[in-house]
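Fold and contact review
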Amino acid sequence: IMAIIQGVTNKIEDEFNSMGANLISANVMGGNTSNRKVTYAKIQQFEKENKDVINAVLPSASGRVMLKYSNDSVNTSVEGVLSNYIDVRDVEIEDGWFVTDINVAQNECVAVIGSYIKEKYFSNGNAIGKNIKLNGHQYKIIRTLTKKSTGSEYSTDNKVFVPYTSAVTTPK
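Residues numbered from 1 in each chain as written. Predicted model: local features only at pLDDT ≥ 70, side-chain atom pairs only at ≥ 80, totals over all residues. Heavy atoms only, no water.

1. Structural notes on unusual backbone geometry
For residues other than glycine, phi is negative in most cases, and the peptide bonds are mostly trans. You will see that Asn 107, though not glycine, has its phi angle at about 55 degrees, which is positive. Taking relative accessible area as the criterion, Asn 107 reaches 9% and is therefore assigned buried. Here Asn 135, not a glycine, exhibits a phi torsion of approximately 50 degrees, which is positive. Mapped onto the secondary structure, Asn 135 falls in the loop between β5 (131-134) and β6 (137-145). (Buried < 20%, exposed > 50% of the residue type's maximum accessible area, 1.4 Å probe, protein only. Helix = DSSP H or I, 4+ residues; strand = E, 2+ residues; numbered from the N terminus.)

Rendered as structure tokens:
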């Protein structure tokens, strides 16, 4: 019986370790009708006040948007992130640079696109520096990600990352 208990204990520990024991996720729910707002300034303050116990604070704001390039469009996922997203999550870069602290602080309309979007719209050339529209707002592509899954419209490769501040406010 002790061997079975130890086996179950090891299995549970392995499961927790595979999830990333250092990652805690907290979500603010409510959408546009909620009065609960997590501003960039509040995030910075929380990280500063808790730096002795927290390595990084990684907020995100996500949703679905209509991405348009030229005369074609596709429904895609968008996630507003900070520059440290790439350090905390498993993201591999193909070209360009990721969202920077300056992009976030200045609420810039820049975008990092997944491989599906790159292949769909920019298969004959470089996507870096091109402009796309997300729900009617123009964003400049600064980076592309390497293919992670099937590369289809219904995969995680059909995603756009933008600065957290431009995801939670009206972009400049």
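2. As for the packing of aromatic side chains
Counted by the stated rule, this structure contains 6 aromatic pairs. Each residue in the set Tyr 69, Tyr 121 and Phe 122 is aromatic and connected to the rest through ring pairs, giving one cluster. (Phe/Tyr/Trp six-rings, centres within 6.5 Å; stacked < 30°, edge-to-face > 60°.)

3. So, the nonpolar core
Counting residues in each nonpolar core, the largest one holds 18 residues, and the members touching the most others are Leu 67, Ile 113, Ile 132, Leu 134 and Val 160. For this core, the elements supplying multiple residues, two or more each, are β1 (61-69), β2 (72-81), β4 (110-113), α5 (115-122), β5, β6 and β7 (159-163). Of all the elements, α5 adds the most residues to this core, at 4 residues. Those residues in contact with Val 160 that lie beyond four places of it in its chain are Leu 67, Thr 76, Ser 77, Val 78, Glu 79, Ala 111, Val 112, Ile 113, Ile 117 and Leu 134. Membership of the second largest hydrophobic core comes to 17 residues, among which are Tyr 40, Ile 43, Phe 98 and Leu 145. (Core = buried A, V, L, I, M, F, W, Y, C linked by side-chain atoms within 4.5 Å. Contact = heavy atoms within 4.5 Å.)

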